[in-house]
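For reference, the chains in residue letters:
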Amino acid sequence: MSTEQQEPRLTAAEKAKAAWYIARMAKRGLADDRQCGGRVYQGDLERKLDRVIDQARRREEQAAKNNGKRR
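The notes below deal with the structure included here.

Conventions we followed
Residues numbered from 1 in each chain as written. Predicted model: local features only at pLDDT ≥ 70, side-chain atom pairs only at ≥ 80, totals over all residues. Heavy atoms only, no water. Helix = DSSP H or I, 4+ residues; strand = E, 2+ residues; numbered from the N terminus. Buried < 20%, exposed > 50% of the residue type's maximum accessible area, 1.4 Å probe, protein only. Core = buried A, V, L, I, M, F, W, Y, C linked by side-chain atoms within 4.5 Å. Contact = heavy atoms within 4.5 Å. Expected span 1.5 Å × (residues − 1). Arc of directions from axis to C-beta.

## Let's talk about the environment of Arg57
Turning to step 1, where the next piece is worked out: Topologically, Arg57 is positioned in helix 2 (residues 43-70).
Turning to step 2, where the next piece is worked out: The class of Arg57 is buried, set by a relative accessible area of 15%.
Turning to step 3, where the next piece is worked out: Spatially, the C-alpha atom of Arg57 lies 7.5 Å from that of Glu7, the residues being 50 residues apart in sequence.

## Focus on the nonpolar core
Turning to step 1, where the next piece is worked out: Counting 7 residues, the largest nonpolar core is built from Ala18, Tyr21, Met25, Leu45, Leu49, Val52 and Ile53.
Turning to step 2, where the next piece is worked out: Mapped onto this core, the elements with two or more residues apiece are helix 1 (12-31) and helix 2.
Turning to step 3, where the next piece is worked out: With residues up to four places along the chain from it excluded, the contact list for Leu45 reads Tyr21, Arg24, Met25 and Arg28.

## Let's talk about the side chain of Glu14
Turning to step 1, where the next piece is worked out: Mapped onto the secondary structure, Glu14 falls in helix 1.
Turning to step 2, where the next piece is worked out: Residue classification places Glu14 among the buried residues on the basis of a relative accessible area of 7%.
Turning to step 3, where the next piece is worked out: Once residues within four sequence positions are removed from consideration, Glu14 is found in contact with Arg9, Val52, Gln55, Ala56 and Arg59.

## A few points about helix 1
Turning to step 1, where the next piece is worked out: Between its first and last C-alpha, helix 1 extends 29 Å over 20 residues, near the 28 Å set by a 1.5 Å rise per residue.
Turning to step 2, where the next piece is worked out: All of the buried residues in helix 1 are Glu14, Ala18, Tyr21, Met25 and Gly29. Buried residues of helix 1, viewed axially, fall in a sector of 85°; they line one side. Opposite the buried face of helix 1, by more than 90 degrees, sit the exposed residues Ala12, Trp20, Lys27, Leu30 and Ala31.

Read these as spatial facts, not as claims about activity.
Pasting the structure below:
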């Protein structure tokens, strides 16, 4: 088994946010002139995307915890 965490299932809103951030990263990448080694900073968008995925992971963990209590 791999040590990586399994990717959570995303809601429609989370998918839309993730797609938006990925599209913005692609747009910034295309805007870079690549003359000086790619100086476009995308860390802010990467952090936002990571937050969306972490939020989905926490939501799934909470749902699993709540489903376990009901049984």
